[in-house]
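Take a look at the letters that make up each chain.
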Amino acid sequence: MSYLYIYLSLIVYFTIWFLIATFKKNNGLVDIGWGLGFLVVAVSSFILSKEFSIYQLIINLLVLIWGLRLSFYLFIRNWNKEEDFRYQNMRKKWKNKVLINSYFKVFMLQATLCFVVATPIYFSNLYVKSNLSFFENIIFIFGILLFVIGFTFEVLADSSLKKFKKNPLNKGKILTTGVFKYTRHPNYFGESLLWIGLGIAAININNLITLLSLVGPLVITLLLLFVSGVPLLEKRYKDNLLYQEYAKRTSIFFPLPSKKVKYDEQTKK
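Residues numbered from 1 in each chain as written. Predicted model: local features only at pLDDT ≥ 70, side-chain atom pairs only at ≥ 80, totals over all residues. Heavy atoms only, no water.

### Focus on the overall build of the chain
Here is the rule: Going along the chain from the N terminus, every DSSP run of H or I of four or more residues is numbered as a helix, and every run of E of two or more is numbered as a strand. Radius of gyration means the value over C-alpha atoms here, while the globule rule gives 2.2 Å times the residue count to the 0.38 power. In this scheme, a residue with accessible area under 20% of its type's maximum is buried, one over 50% is exposed, and one in between is partly exposed, where area comes from a 1.4 Å probe on protein chains only. Contacts were defined at the residue level, with two residues in contact if any of their heavy atoms lie within 4.5 Å.
Helix and strand counts for the chain stand at twelve helices and zero strands. The secondary structure elements of the chain, listed N-terminal to C-terminal, are α-α-α-α-α-α-α-α-α-α-α-α. Over its C-alpha atoms the chain spans a radius of gyration of 20 Å, differing by no more than 12% from the 18 Å that the globule rule assigns to 269 residues. Across the 269 residues in the chain, those meeting the buried criterion constitute 46%. Looking at the chain alone, contacts between residues at least 24 apart form 79% of all its contacts between residues at least 6 apart.

Pasting the structure below:
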């Protein structure tokens, strides 16, 4: 029943965002609600837990920091902006059935995905860790370390991109410095890594069901790599010559040293 209560809390939460987005005529606002949705999971599962531990509090605190930062960043960027091209295309496709499709195919889908991705959060709360062995502490610390690295990549990517776009001299250019020198999608890599870290940190050796906490990180990674993240942006810039030159020397996802490509090799095609 605990899982049902958590899911229902997300249904209510994303329904509220549906009403806000309908009023603003901007379904892209659901992106703002995404980060805060995990806080809803953290709070609801924390309340449902019967005991508390420092490990549980650390994971919830990290989720709080990540969720607030992401949603605040997207709020500043998107609240009064034009609806994102992805959702505009959906409106054109749905025509006179925008409301019903928006509710189920955008907001309820987000609620369901949030519930699936959030497995590390509610497993850490519902199956509380306590009195861990040295080996179990090492696993927990390793998971938290991965989270910190992923979070750092995400913050650096967002801040450098924001600064880059503010400079009018960069209009039409491609950001290729900082973390973007090592991966074309550092924010997506960071997102994947921090969830993998949370999934590992949430594993409780005494409750093997918590191995399912890795389902969420796996799902978000697959979505970013093959569905809603990397493919959409790569398709958007497929005709951008500057981006294609950048792509030849830069890893698409996992950070790697920049490749050295000779000029004549770059201009063959």
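### Structural notes on the packing of aromatic side chains
The relative placement of two aromatic rings is captured by the distance of their centres and the angle of their planes. Note the cut-off: Each Phe, Tyr or Trp ring, with Trp reduced to its six-membered ring, pairs with another whose centre is within 6.5 Å; inter-plane angles below 30 degrees give stacked pairs, above 60 give edge-to-face pairs, and intermediate values give tilted ones.
Counted under the stated rule, the structure contains 23 aromatic pairs. Here the aromatic rings of Tyr237 and Tyr243 are separated by 5.1 Å at their centres, their planes lie at 25°, and the arrangement is stacked. Judged by relative accessible area, which is 5%, Tyr243 ranks as buried. Linked through ring pairs, Tyr3, Tyr7, Phe115, Tyr122, Phe123 and Tyr127 together constitute an aromatic cluster.

### Some thoughts on a nonpolar patch on the surface
The following threshold applies: In this analysis, a patch consists of residues with relative accessible area above 30% that form no salt bridge, clustered at 9 Å for like charges and at 5 Å for the nonpolar side chains Val, Leu, Ile, Met, Phe, Trp and Tyr. The Shrake-Rupley method, run with a 1.4 Å probe sphere, supplies the accessible areas, and residue values consider only the shown protein chains as cover. One speaks of a salt bridge when a side-chain nitrogen belonging to Lys or Arg is within 4 Å of a carboxyl oxygen belonging to Asp or Glu.
Residues Met1, Leu4, Tyr5 and Leu8 make up a contiguous nonpolar surface patch of roughly 430 Å² in combined accessible area. Mapped onto the elements, Tyr5 comes out in helix H1 (residues 2–24).

### Considerations on the pattern of salt bridges
A complete count under the given rule lists eight salt bridges for this structure. Linking Asp239 and Lys238 is a salt bridge whose minimum nitrogen-to-oxygen distance equals 3.3 Å. What makes Asp239 exposed here is its relative accessible area of 65%. What makes Lys238 partly exposed here is its relative accessible area of 48%. Each of the salt bridges in this network shares a partner with another, and the network as a whole consists of Asp31, Asp84 and Arg86.

### Side note on the packing of helix H8 (residues 186–202) against helix H9 (residues 215–226)
Rules: Orientation is described by lines fitted to C-alpha atoms, with helices fitted over the stretch in contact, and by angles between N-to-C directions that extend from 0 to 180 degrees. By definition in this entry, angles of less than 35 degrees are roughly parallel, angles greater than 145 are roughly antiparallel, angles of 65 to 115 are roughly perpendicular, and the rest are oblique. Think of it as three bins: nonpolar holds Ala, Val, Leu, Ile, Met, Phe, Trp, Tyr, Cys and Pro, charged holds Asp, Glu, Lys and Arg, and polar takes everything else, Gly as well.
At their nearest, the axes of H8 and H9 sit 8 Å apart, and the two run at 170° to each other. Our classification of the angle between H8 and H9 gives roughly antiparallel. For the pair formed by H8 and H9, the contact residues are Tyr188, Glu191, Ser192, Trp195, Ile196 and Gly199 on the first element and Pro217, Ile220, Thr221 and Leu224 on the second. In the contact of H8 with H9, the residues fall into six nonpolar, three polar and one charged.

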